[in-house]
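Each chain is listed here by its residues.
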Amino acid sequence: MCVPDKNLVVIPAYNEQASLPGTIAALQSLPDSFELLVVNDGSTDDTSRLARELAGGSRLPLHVVDLPLNGGIGVAVQTGYLFAAQAGRFRYVIQFDADGQHDAQAILTLVEACEDRHLDLCLGSRFLDARPGVFRSTAFRRAGIRFLAWLIGVLGRTHVTDPTSGFRCAGPRAWRDFAQRYPDDYPEPESLYWCIRNRLRVGEVPVRMFERVGGRSSIRSLRSLYYMVKVTLAIAVDLLRPKEASQP
Amino acid sequence: MTAERLMLIGGVSAFLLTVYWVRSRRLRERYAIGWLTLATALLLCGVFPNAIMRVAEAAHLSYASAVLFAALTAIYCFAFLVTVSLTRQYRQSTRLLQELALLKHRLSELENPQAADVHEDPKTTERA
């Protein structure tokens, strides 16, 4: 068994053919210790073929895993954690959106924060960067995010500003457990609260986020309401569970 | 037609339907047990109509309300168990989906080692 010295960037992709080339190109500037994994979540467009083409020209190792059916964001991301668990050579696993919203340069900041602050999970927060003109989602979503941050803050006694952020770096203690259990849909706030409740070390760093280049968000219109209700219920029910984290 | 006769017919029909579906292997025995229990309860209510009357009197309900309450309870229990079963099956199928995708990826790496070698440092190809 080798010592884990690599980091894996997991890119869940559902119908992201428009934005995937730009996303992969942006990630090429990462150091050689990084590998990329595109988890094609049963896309109906050309995402799979395009990802394989991009793998041929990628400077960094780029793996493509095709889920035969659309399982949702949680299933796709967990597939990345399972990939890391089976490979056995990764230390940090970074979740990175395929739609061009995330800043590839900030990946190093996330990993460094995990290293320096001994974090098990580090979130990229779009609300810690106070510069004007930075994209921070719509007012309605911001209200929802504030509510979830408040809920997690009250129940977990931990201050977080961006609990819905899908830009996050998980250390071994977190992602090994995520490989075993991870929420199916809208997983970010629930998995964050799970970490806090199970006494994993959680932190945030400021990141820039951009407007999506292509594809569609999985959280739209009436689904937003379902999102809030489902996540609130999941967090409340998690309170009733016994502690589940593996020992460090 | 009386309510008792309806229950009798319903009980016999449910019994025969369940047996038919189990016989043709389209319904698992573990689920059939619940339906057969329900069919038996319906049959018993048809054969012994006074049983429901006594339950209704004890609960201070009218006959119709008691029947409705019993029916809703049965429907709730079955629907709830179905969603529990669906959740379990969802978890299982999700894991199968993921394992299938990862195995396909591993297989393609093994079938096409040149393509995998382009990207993989030989020192790190060892698997856990």
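Residues numbered from 1 in each chain as written. Chains lettered and ligands numbered in written order. Predicted model: local features only at pLDDT ≥ 70, side-chain atom pairs only at ≥ 80, totals over all residues.

Thoughts on the overall build of chain A
The helix and strand inventory of chain A stands at eight helices and seven strands. Its C-alpha atoms give chain A a radius of gyration of 17 Å, within 12% of the compact-globule value 18 Å for 248 residues. Sequence separation of 24 or more characterises 82% of the internal contacts of chain A that already satisfy a separation of 6 or more. (Helix = DSSP H or I, 4+ residues; strand = E, 2+ residues; numbered from the N terminus. Rg over C-alpha atoms; globule rule 2.2 N^0.38 Å. Contact = placed C-beta atoms within 7 Å.)

Considering the pairing of strand 2 (residues 34-41) of chain A
Residue and element names in this part refer to chain A. Among the eight residues that make up strand 2, eight are buried, leaving the element largely enclosed by the rest of the structure. Here strand 2 shows no split at all, with Phe34, Leu36, Val38 and Asn40 on one side and Glu35, Leu37, Val39 and Asp41 on the other all buried. The pairing of strand 1 (residues 6-13) with strand 2 spans seven bridges and is parallel. Along strand 2, the bridge assignment pairs Val10 with Leu37. Assessed by its sense of winding, the connection that carries the chain from strand 1 through helix 1 (residues 20-27) to strand 2 is right-handed. Judged from the six bridges that link them, strand 2 and strand 3 (residues 62-67) form a sheet pairing that is parallel. Pairing of Leu37 across the sheet is with His63, part of strand 3. Regarding topology, helix 2 (residues 47-57) serves as the crossover connection from strand 2 to the parallel strand 3, and that connection is right-handed. (Buried ≥ 20, exposed ≤ 12 C-beta atoms within 10 Å, placed from the backbone. Pairing = 2+ DSSP bridges. Right-handed = clockwise from strand over helix to strand, strands pointing away.)

Some thoughts on the domain arrangement of chain B
One frequently used descriptor of interface size is the decrease in accessible area upon assembly of the parts. The domains assigned to chain B are domain 1 (1-47) and domain 2 (64-115). Here the C-alpha centroids of domain 1 of chain B and domain 2 of chain B sit 27 Å apart. (Domains from an automatic or database assignment.)

A short note on helix 2 of chain A
Residues and elements named next belong to chain A. Every buried residue of helix 2 is listed here: Thr47, Leu50 and Ala51. The buried residues of helix 2 all sit within an arc of 100° when viewed along its axis, so they share a single face. Packing partners of the buried residues in helix 2 comprise strand 1, helix 1, strand 2 and strand 3. (Arc of directions from axis to C-beta.)

What to know about the confidence of the model for chain B
All names here are of chain B. Of the residues in chain B, 88% have a pLDDT of 70 or more, and the chain-wide mean is 84. At the level of individual helices and strands, chain B shows its lowest average pLDDT in helix 5 (residues 113-119), which scores 56, and its highest in helix 4 (residues 63-111), which scores 91. Here the predicted complex carries an ipTM of 0.79, next to a pTM of 0.83. (pLDDT = per-residue confidence, 0-100.)

Looking at helix 4 of chain B
End to end, helix 4 of chain B covers 71 Å across 49 residues, agreeing with the expected 72 Å (1.5 Å per residue, within 8%). Burial of helix 4 of chain B is sparse: only four of the 49 residues sit out of reach of the surface. Turning to helix 4 of chain B, its buried residues number three or more, namely B:Thr94, B:Gln98, B:Ala101 and B:His105. Here the buried face of helix 4 of chain B lies against strand 3 and helix 3 (73-87) of chain A. (Expected span 1.5 Å × (residues − 1).)

Structural notes on the sheet that holds strand 4 (residues 90-95) of chain A
Residues and elements named next belong to chain A. Here we have seven strands laid out as an open sheet, ordered 3-2-1-4-6-5-7, and mixed in their pairing. Looking at strand neighbours, the two that pair on one side only are strand 3 and strand 7 (202-206), the edges of this open sheet. Strand after strand, the sheet turns through a mean of 20° between neighbouring axes, direction not considered. Pairing between strand 5 (residues 121-125) and strand 7: five bridges, direction parallel. Considered in strand 7, the bridge of Leu123 is made with Glu204. (Axes fitted to C-alpha atoms, helices over the stretch in contact; angles between N-to-C directions.)

Quick notes on the nonpolar core
In terms of nonpolar packing, the biggest core is built from 71 residues, with A:Val9, A:Val10, A:Ile11, A:Leu37 and A:Val93 touching the most fellow members. Tallying contributions element by element places helix 3 of chain A first for this core, with nine residues. B:Leu38, B:Ala39, B:Leu42 and B:Ile52 belong to the second-largest nonpolar core, a separate cluster that totals six residues. (Core = buried A, V, L, I, M, F, W, Y, C linked by C-beta atoms within 7 Å.)

Here's the deal with unusual backbone geometry
Although it is not a glycine, A:Asn15 sits at a positive phi angle of roughly 50°. Within the secondary structure, A:Asn15 is located in the loop between strand 1 and helix 1. At B:His60, a residue that is not glycine, the phi angle is positive and equals roughly 55°. Among the secondary structure elements, B:His60 is positioned in the loop between helix 3 (49-58) and helix 4. For B:His60, a count of 8 C-beta atoms within 10 Å translates into the label exposed.

Observations regarding the packing of helix 1 of chain A against helix 2 of chain A
All names here are of chain A. Relative to each other, helix 1 and helix 2 sit at 30°, their axes nearing to 10 Å. Considered as vectors, helix 1 and helix 2 are oriented roughly parallel to each other. Classified by chirality, the crossing of helix 2 by helix 1 is right-handed. Along the contact surface, helix 1 presents Leu20, Pro21 and Ile24, while helix 2 presents Thr47, Leu50, Ala51 and Leu54. Of the residues assigned to the contact of helix 1 with helix 2, the class counts are six nonpolar, one polar and no charged. (Parallel < 35°, antiparallel > 145°, perpendicular 65-115°, else oblique. Left-handed = near helix turned anticlockwise from the far one by under 90°. Nonpolar A, V, L, I, M, F, W, Y, C, P; charged D, E, K, R; others polar.)

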